Amino acid sequence: MPFAVTVVFEIKPGQMEPFMEAILNNARCSVRDEPGCRQFDVCTDPGEPNTVFLYEKYDDLAAFEAHQTMPHYKATGPKVADLVASKTLRTFAQVDT
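These notes cover the structure that comes with them. (Residues numbered from 1 in each chain as written. Predicted model: local features only at pLDDT ≥ 70, side-chain atom pairs only at ≥ 80, totals over all residues. Heavy atoms only, no water.)

### A word on the sheet that holds strand E1 (residues 3-11)
- Strand order in the open sheet formed by four strands is E2-E3-E1-E4, with antiparallel pairing between adjacent strands. Looking at the sheet topology across the chains shown, the edges are occupied by strand E2 (37-45) and strand E4 (84-92). Neighbour to neighbour, the strand axes of the sheet diverge by 15° on average, direction disregarded.
- Against the sheet, helix H1 (residues 16-33) contacts E1, E2, strand E3 (48-58) and E4, and its axis sits at roughly 160° relative to E2. (Pairing = 2+ DSSP bridges. Helix = DSSP H or I, 4+ residues; strand = E, 2+ residues; numbered from the N terminus. Axes fitted to C-alpha atoms, helices over the stretch in contact; angles between N-to-C directions. Contact = heavy atoms within 4.5 Å.)

The following block contains the structure:
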């Protein structure tokens, strides 16, 4: 059953450019290199210039767990840790299409 993940990041002022560089690389690598990653959208809104919303869709929970072991995922955390003011992650075990 498809598994979805949403993440909302509040980025520290002046840190959006390096954050976006790191998170877009993670998104590209996830879709390209992970057979169980079906979608990885990075969303922004000019009305909320310090907010980034991620929508990720995986084949199942196991595919998401595999995502968390990938080199690109592990490299992203240290790159963005000091750029982020807050992070809210939610998971959804059922995705109806």
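### Description of the environment of Ala 81
- Tracing the sequence through the fold places Ala 81 in the loop between helix H3 (71-80) and E4.
- Sequence separation between Ala 81 and Phe 64 is 17 residues, and the spatial gap between their C-alpha atoms is 21 Å.

### Focus on H1
- End to end, H1 covers 25 Å across 18 residues, agreeing with the expected 26 Å (1.5 Å per residue, within 8%).
- Within H1 the residues assigned to the buried category are Met 16, Phe 19, Met 20, Ala 22, Ile 23, Asn 26, Ala 27, Cys 29 and Ser 30.
- Packed against the buried residues of H1 are E1, E2, E3, helix H2 (61-67), H3 and E4. (Expected span 1.5 Å × (residues − 1). Buried < 20%, exposed > 50% of the residue type's maximum accessible area, 1.4 Å probe, protein only.)

### Observations regarding the nonpolar core
- In terms of nonpolar packing, the biggest core is built from 21 residues, with Phe 9, Ile 11, Phe 19, Val 52, Leu 54 and Tyr 58 touching the most fellow members.
- For this core, the elements supplying multiple residues, two or more each, are E1, H1, E2, E3 and H2.
- Per-element accounting of this core gives the leading share, six residues, to H1.
- Beyond its immediate chain neighbours, meaning those up to four positions away, Val 52 contacts Val 7, Val 8, Phe 9, Ile 11, Met 16, Phe 19, Met 20, Val 42, Cys 43 and Thr 44. (Core = buried A, V, L, I, M, F, W, Y, C linked by side-chain atoms within 4.5 Å.)

### Looking at the packing of H1 against H3
- Their axes nearest at 10 Å, the elements H1 and H3 cross at an angle of 170°. Looking at the two axes, H1 sits roughly antiparallel to H3. Along its contact with H1, which presents Phe 19, Ala 22, Ile 23, Asn 26, Cys 29, Ser 30 and Asp 33, the element H3 presents His 72, Tyr 73, Thr 76, Lys 79 and Val 80.
- Tallied by class, residues from the contact of H1 with H3 come to six nonpolar, four polar and two charged. (Parallel < 35°, antiparallel > 145°, perpendicular 65-115°, else oblique. Nonpolar A, V, L, I, M, F, W, Y, C, P; charged D, E, K, R; others polar.)

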